[in-house]
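Coordinate inspection notes
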Amino acid sequence: MILTEKKIFILETNRTGYAFRATDGGVLQHLYYGCRLPRPEDYDSAPVILNQPGNALLDGDGVCREDLLQEAGTVGWGDLRAPLVDVTFPDGGRSCDFRFSHFERPEKAGPEGMPAAVGGETLKVVLKERTHDLYLELYYTVYEDTNVIGRWSRLINDGTETVWVNRLMSQQLDLPVGEYDLVTFRGAWAREMDMLRQKLSGELRWSSNAGVSSNRCNPFAMVCRRGSGEEHGDVWALNLLYSGDHLGTAQVNAYGSVRLTQGMGTLRWELLPGEKLDSPQAVMTFSAEGFNGVSCQMHPFVRRHIVRGYWQDRERPILVNSWEALYFKVSHRKVVSLARNAKNIGAELLVMDDGWFQGRSDDSHALGDWKADLKKLPDGLAALAREVNAQGVRFGLWVEPEMISQQSELFAAHPDWILGHRDQAIGRNQYVLDLTRPEVCQYICDSMTALLSSAEISYVKWDMNRILSDVFSPALPADRQGEVAHRYVLGLYRILDELTKAFPEVLFESCASGGNRFDLGMLCYMPQVWASDNTDAACRSHIQMGYSYGYPQSVLGCHVSDSPNHQTLRRSPLRSRFNVAALGLLGYEMDPGELSSDKIEEVREQVEFYKAHRRLLQFGQLHRCPAGDGECFTMVIAPDGSEAAGVHFVWENQPNPKSVPLYCRGLEGEKLYRITSRSTRPHIMDFGSLANYMSPIRIRSGSLVEKAADRLVKLPQDELELTASGTAFCHRGFYPIQPFGGTGFNGATRLMRDFDSRLYLWAEEKE
Ligand code: GLA
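Notes on the structure follow. (Residues numbered from 1 in each chain as written. Predicted model: local features only at pLDDT ≥ 70, side-chain atom pairs only at ≥ 80, totals over all residues. Heavy atoms only, no water.)

Structural notes on the overall build of the protein
When helices and strands are tallied, the protein shows 14 helices and 36 strands. Radius of gyration (C-alpha) of the protein: 28 Å, near the 27 Å computed for a compact globule of 767 residues. Principal axes of the C-alpha set define a box for the protein whose edges measure 95 × 65 × 40 Å. Within the protein, the fraction of its 767 residues that count as buried is 62%. Restricting to contacts in the protein with at least 6 residues of sequence separation, those with at least 24 account for 70%. As displayed, the protein has an accessible area near 28,700 Å², and 50% of this comes from carbon and sulfur atoms. Separation of charge centres in the protein, based on 82 positive and 99 negative side chains, amounts to 4 Å. (Helix = DSSP H or I, 4+ residues; strand = E, 2+ residues; numbered from the N terminus. Rg over C-alpha atoms; globule rule 2.2 N^0.38 Å. Buried < 20%, exposed > 50% of the residue type's maximum accessible area, 1.4 Å probe, protein only. Contact = heavy atoms within 4.5 Å. Areas by Shrake-Rupley, 256 points an atom, 1.4 Å probe, with all protein chains shown as cover. Lys, Arg positive; Asp, Glu negative; His and termini not counted. Charge placed at Lys NZ, Arg CZ, Asp CG, Glu CD.)

Notes on the packing of helix 10 (residues 574-582) against helix 11 (residues 597-612)
As a packed pair, helix 10 and helix 11 sit with axes 11 Å apart at the nearest point and diverge in direction by 20°. Taken together, the axis directions place helix 10 and helix 11 in an arrangement best described as roughly parallel. Our pair here, helix 10 against helix 11, has a crossing hand that is right-handed. The residues of helix 11 that touch helix 10, namely those facing L574, R575, F578 and A582, are K599, E602, V603, Q606, F609 and Y610. Considering only residue class, the contact of helix 10 with helix 11 consists of six nonpolar, one polar and three charged. (Axes fitted to C-alpha atoms, helices over the stretch in contact; angles between N-to-C directions. Parallel < 35°, antiparallel > 145°, perpendicular 65-115°, else oblique. Left-handed = near helix turned anticlockwise from the far one by under 90°. Nonpolar A, V, L, I, M, F, W, Y, C, P; charged D, E, K, R; others polar.)

As for the site of the ligand
In the vicinity of the ligand there are 13 residues, among which D353, D354, R428, K461 and D533 approach most closely. W530 is positioned such that a nitrogen or oxygen atom in its side chain is 3.4 Å from an oxygen atom of the ligand. One nitrogen or oxygen atom from the side chain of D533 is found 2.5 Å from an oxygen atom belonging to the ligand. Compared with its free state, where it exposes 310 Å², the ligand has 97% of that area covered by protein. Considered class by class, the residues forming the shell around the ligand number four nonpolar, three polar and six charged. (Near = heavy atom within 4 Å. Polar contact = N/O pair within 3.5 Å; in protein donor to acceptor, adjacent residues only side chain to side chain.)

Some points on the pairing of strand 9 (residues 148-157)
For strand 9, a buried count of nine out of 10 residues is recorded, marking the element as mostly surrounded by other parts of the structure. When strand 8 (residues 134-143) meets strand 9, the two strands line up antiparallel, connected through 10 bridges. In the strand pairing of strand 9, Y143 is matched with V148. What sits between the antiparallel neighbours strand 8 and strand 9 is a turn of four residues, in which N147 has the positive phi angle 60°. By the bridge criterion, four bridges tie strand 9 to strand 20 (residues 282-287) in an arrangement that is antiparallel. Residue R151 lies in a different strand from strand 20, and its bridge partner there is A282. Taken together, the three bridges between strand 9 and strand 19 (residues 276-278) define a ladder with antiparallel strand orientation. When the sheet's bridge partners are listed, I156 is paired in strand 19 with K276. (Pairing = 2+ DSSP bridges.)

Describing the pairing of strand 7 (residues 121-129)
A large share of strand 7 lies buried, amounting to seven of its nine residues. Pairing geometry for strand 6 (residues 98-104) and strand 7, over six bridges, is antiparallel. Bridge pairing links F100 to L127 in strand 7. Alignment of strand 7 against strand 8, held across eight bridges, turns out to be antiparallel. Paired with V126 across the strands is E137, a residue of strand 8. The turn linking strand 7 back onto strand 8 is made up of four residues.

Read these as geometric descriptors, not functional statements.
In structure tokens, the structure reads:
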């Protein structure tokens, strides 16, 4: 709900309230962002600072802007903090003073050429620069149901001279004096989303200048009151619908108040008379219930307002991906065999990853030439897709359309289509195509349209395997090079818009060496993202936990891969690899045909189990539950609270362990639930030489006898089953069956190895 009274603007969601007003002089003063307040008058309480001692300045209206909480900070007029807007006027001056002009309530509004969240109620506030014909429009959209507010900004040059935009941020949030922490998510390839909590003092940033939103630092961030935690305390979260360079700033000023800004990264944009420039849309949410409270708002927001179209609410197929099974060695025969093996375990989609196109035998060739390699696929793509479909699984394809290999037909024809100079940093033997050029965007649209129309393709993995560096476009004049990074993203969005509209039922999965472009912008076009190239269960549970603060599991591609793992060489139990991937969009990154028959059976059971609980696992509300050091416990709850699933993951098994209860979250207090553990068969091989303790014959580790015994002897499996109320599960907790820790093994002992886990199910019991 949006209330506008006496130049006070109040934006309310179910649980939050946000307020600002125009001062008598017309400066937009921020009043409040927090829990929803009972009466409109409650919001109007912040001081207008008229006097400040020492060397603080007063503006023309006698207001000291240095410490005034504002909506749209600018350069000059005594405000020393990072501005929302920074422009250079024709005389070289940057001092800028925007004053309230009027407001409107547009039906629909989103930044031009960029994605916006769907739905919501919008307020547009128009400000005019005092001495120039420059307008700043601030757009606020309230997504009441999910307690999220969206913001973006538009600059309009209504004058007769050019101005240069140095900065146009999407959102600014000024918070009153307090003790706060900043929480950001940082990383690199294969170790995305590592949570970093820092005391907020002085100036901190979270940003990317990699040309993509990047795994170095995700745009999602939180600011919380010091002492807040998973389940308690005031937390403000920010995110951006943008896939390129981004910048977030957090500053504590000399008087202790805080300014947060978030928007595009480095920019210098020439704004000609009559032109406008839009920022991407940003979003923010507030919860008084800690980080978990934020996740419980951000997840439904992403599910309902970011992800859209055919796949928004549809259950996602279980896939087998060829990458870790075949790498570049794909061929018609191998892919059809993989499809058969995929069908055999119950999977629904076979994805042919990299290596299928003309001359692509390693990563040095052919990006840009999107035609099947007829040596590997002699019958062509259409025939292969037909044969894959004939095995009873759908066919999906990997592409990397924004890239060009130096060794490609495309490069021979258009060497000038690369971004930057030829003499530049090169990554994976490839250059980035210059998407600031319309003809390059057109080529990508045309080649992808031809490719996707040429065969029965149900799924596309859209990859992007290097960052932008040496950002320069020969197609633009010298004084417009500061626009290249943003124009690249605009070009990308034009392409994605066209292709996803042309192929609405194709399931697109975004990827950038895993999570190097994991952001809300991409999710507006593609409903899921390959979260990380790291498929190691131990690493993955950490990475997926990082994502879970801001993103629901319904957007995370999560695959079971071989052991030892290809990224870490770590061995981990198959059940554990499945349990971790089950809290996301399940796939297998291996050839199931290579597994032993009992492992194939185990995988079949996993797939069957996942199908039976798919809606819950993919779309249930995720909660991070309390857990000890070296463990994590995550639950997903059905929207009506009638069922839940949870995974308890342990990094390191301990001998003679303590009995520690697990405390659930999200279950409904009054409801009665029956918990069961998903049964998993223990293996003789897990015991090594210890098996001799109970075996009548000598068993040597790794011997054929051991393998035979492993197959034939069924050891008792741990099965937990008990009934209790939701309140009891959450507050009293439950005790997992005691793990094996040095002595004794029977059905009342749980066999846990390092990196092991258990998956539990809760079903409501009707009395
Ligand atoms: C990237 C992706 C992988 C795989 C390879 C193929 O690294 O993240 O999943 O598709 O490219 O080259």
